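Okay, here's what each chain looks like letter by letter:
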Amino acid sequence: NAGVTQTPKFQVLKTGQSMTLQCAQDMNHEYMSWYRQDPGMGLRLIHYSVGAGITDQGEVPNGYNVSRSTTEDFPLRLLSAAPSQTSVYFCASSARTDNTEAFFGQGTRLTVV
Amino acid sequence: GDSVTQMEGPVTLSEEAFLTINCTYTATGYPSLFWYVQYPGEGLQLLLKATKADDKGSNKGFEATYRKETTSFHLEKGSVQVSDSAVYFCALSANKGYSTLTFGKGTMLLVSP
């Protein structure tokens, strides 16, 4: 199984540009989430979804949009990139049971100049 | 809200030394506790977990015991190897159906031959 696949691995954007970070999982997991990782900050939750058609905000949602039209895919959209969004982004998925393991993608390193 | 505090790094050790990485948490109720490991250039992967008080999680020679009385989940390994060099994250998940993860800031471990 491929697990959780994120694309692209690296991206450079100019301030004000938009883009979509892709995330797909092939484990039929109902739960998916997006985190950003910044030096000295650990991982912080951006948005999450408990199933197709259902999304909710995490700790740092401003500047990001998500949608979940299928179980497999959970894209993260930056509508107008800002330098403060320079970070490493991780997508994760988990099954619909208590205390289950979260599986992470390889990450997308985004630089906004 | 929930929070996780772990010791700052980097932790620098020689091969075969004993490792302890401290982790304490604040949470309502009885969370599940996790240690994730991130090798250079990769996503996070679960190292071990414990779902209730006094549980001991173990994997690859690493151990951590869920201590409710001290709200701690310290990571230990008796003899580290160069291949253990990575960033280690302590995390918790509220024990109530699906819940997203709250992470500590991460501790970098560097093991020299």
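Predicted model only: the values in this text are computed from it and were never measured. Note on numbering: residues in each chain are counted from 1, in written sequence order. Each chain is given a letter, starting from A, and each ligand a number, starting from 1, according to the order in which they appear as written. Confidence filtering applies because this is a predicted model: local features only for residues at pLDDT of at least 70, side-chain atom pairs given and counted only at 80 or more, and all residues used for totals across whole chains, interfaces and linings. As a convention, hydrogens and water are excluded, and side-chain values are obtained from all of the structure's heavy atoms.

A few words on the state of the cysteines. In a disulfide, the sulfur atoms of two cysteines are held together by a covalent bond. The definition used for a disulfide is geometric: two cysteine sulfur atoms within 2.5 Å. Counted by the stated rule, this structure contains 2 disulfides over all chains. Each sulfur of the disulfide joining Cys23(A) and Cys91(A) lies 1.9 Å from the other. Residues Cys23(A) and Cys91(A) are joined by a disulfide whose S-S torsion is about -75 degrees; by sign, that bridge is left-handed. With Cys23(A) in strand β3 (residues 19-25) and Cys91(A) in strand β9 (residues 87-94), the pair connects residues that are 68 residues apart, well separated along the chain. Three exposure classes are used, based on accessible area relative to the maximum for each residue type with a 1.4 Å probe and protein chains only: buried under 20%, partly exposed in between, and exposed over 50%. Overall, the relative accessible area of 1% leaves Cys23(A) in the buried class. Sulfur-sulfur distance for the disulfide between Cys23(B) and Cys90(B) comes to 1.9 Å. Judged by the sign of its S-S torsion, about -70 degrees, the bond between Cys23(B) and Cys90(B) is left-handed. On the criterion of sequence distance, the pair formed by Cys23(B) in strand β4 (residues 23-26) and Cys90(B) in strand β10 (residues 86-93) is long-range, its members being 67 residues apart. Helix and strand definitions here come from DSSP, where helices need a minimum of 4 consecutive H or I residues and strands a minimum of 2 consecutive E residues; each element is numbered from the N-terminal end.

All names here are of chain A. In this structure, Thr-71 sits in the loop between β7 (64-66) and β8 (76-78). In the structure, Thr-71 is positioned 38 residues away from Arg-109 in sequence and 24 Å away in space, judged by C-alpha atoms. Whether two residues touch is decided by their heavy atoms; if any such pair falls within 4.5 Å, the residues are in contact. Among residues more than four places away in sequence, those in contact with Thr-71 are Gln-25, Asn-28, His-29, Met-32 and Ala-52.

This part takes up the interface of chain A and chain B. Between chain A and chain B, the contact holds 21 residues from the first and 20 residues from the second. Roughly 1,700 Å² of surface becomes buried between chain A and chain B when both sides are summed, with 56% attributable to carbon and sulfur atoms. What makes a salt bridge here is a side-chain nitrogen of Lys or Arg within 4 Å of a carboxyl oxygen of Asp or Glu, nothing more. There are 0 salt bridges connecting chain A and chain B. Polar contacts, as used here, are pairs of N or O atoms within 3.5 Å; protein pairs need one atom able to donate a hydrogen and one able to accept it. Residues neighboring in sequence count only if both atoms are side-chain atoms. Scanning the region where chain A abuts chain B turns up 3 residue pairs in polar contact (both at pLDDT 80 or more). Buried area adds together the accessible area that both of two parts lose upon being put together, with accessible area traced by a 1.4 Å probe.

Attention now moves to the pairing of strand β8 (residues 62-65) of chain B. Residue and element names in this part refer to chain B. Strand pairing is assigned whenever DSSP identifies at least 2 bridges connecting the two strands. Two elements, strand β7 (residues 56-59) and β8, share 4 bridges in a ladder whose sense is antiparallel. Bridging across to β8, Gly-57 finds its partner in Ala-64. For β8 and strand β9 (residues 75-77), the ladder comprises 3 bridges, and the chain directions are antiparallel. Bridging across to β9, Phe-62 finds its partner in Lys-77.

For sheets, the rule is that strands pair by backbone hydrogen bonds, running either parallel or antiparallel. Residues and elements named next belong to chain B. Overall, antiparallel pairing links the 4 strands, which are arranged β3-β9-β8-β7 in an open sheet. Each having just a single partner strand, β3 (19-21) and β7 make up the two edges of the open sheet. Within the sheet, the average angular offset between the axes of one strand and its neighbour, ignoring direction, is 15 degrees. Of the pairings in the sheet, the one linking β3 to β9 comprises 3 bridges and is antiparallel in character. Within β9, the position partnered with Ile-21 by the bridge is Leu-75. Angles here are taken between N-to-C directions and fall from 0 to 180 degrees, while the axes themselves are lines fitted to C-alpha atoms, restricted in helices to the stretch in contact.

Moving on to the side chain of Ser87(A). Along the chain, Ser87(A) turns up in strand β9. Exposure remark for Ser87(A): the relative accessible area of 5% places this residue in the buried category.

Planes of paired rings set the category: under 30 degrees apart is stacked, over 60 is edge-to-face and the rest tilted, where pairs are Phe, Tyr or Trp rings (Trp by its six-membered ring) whose centres lie within 6.5 Å. Tallied over the entire structure, the rule returns 10 aromatic pairs over all chains. A centroid spacing of 5.5 Å and a plane angle of 90 degrees characterise the contact between Tyr35(A) and Phe103(B), whose relative ring orientation is edge-to-face. Of this pair, Tyr35(A) sits in strand β4 (residues 31-38) while Phe103(B) sits in strand β11 (residues 101-103), each in a different chain. Taken individually, Tyr35(A) and Phe103(B) each receive the classification buried, so the pair is uniform in this respect. Judged by centre distance (6.1 Å) and plane angle (75 degrees), the ring pair of Tyr25(B) and Tyr66(B) falls under edge-to-face. Note that Tyr25(B) is positioned in strand β4 and Tyr66(B) in the loop between β8 and β9, a separation of 41 residues in sequence. Classification of Tyr25(B) by relative accessible area gives buried; the value is 7%. For Tyr66(B), a relative accessible area of 1% corresponds to the buried category. Linked through ring pairs, Tyr35(A), Phe104(A), Phe34(B), Tyr36(B), Phe89(B) and Phe103(B) together constitute an aromatic cluster.

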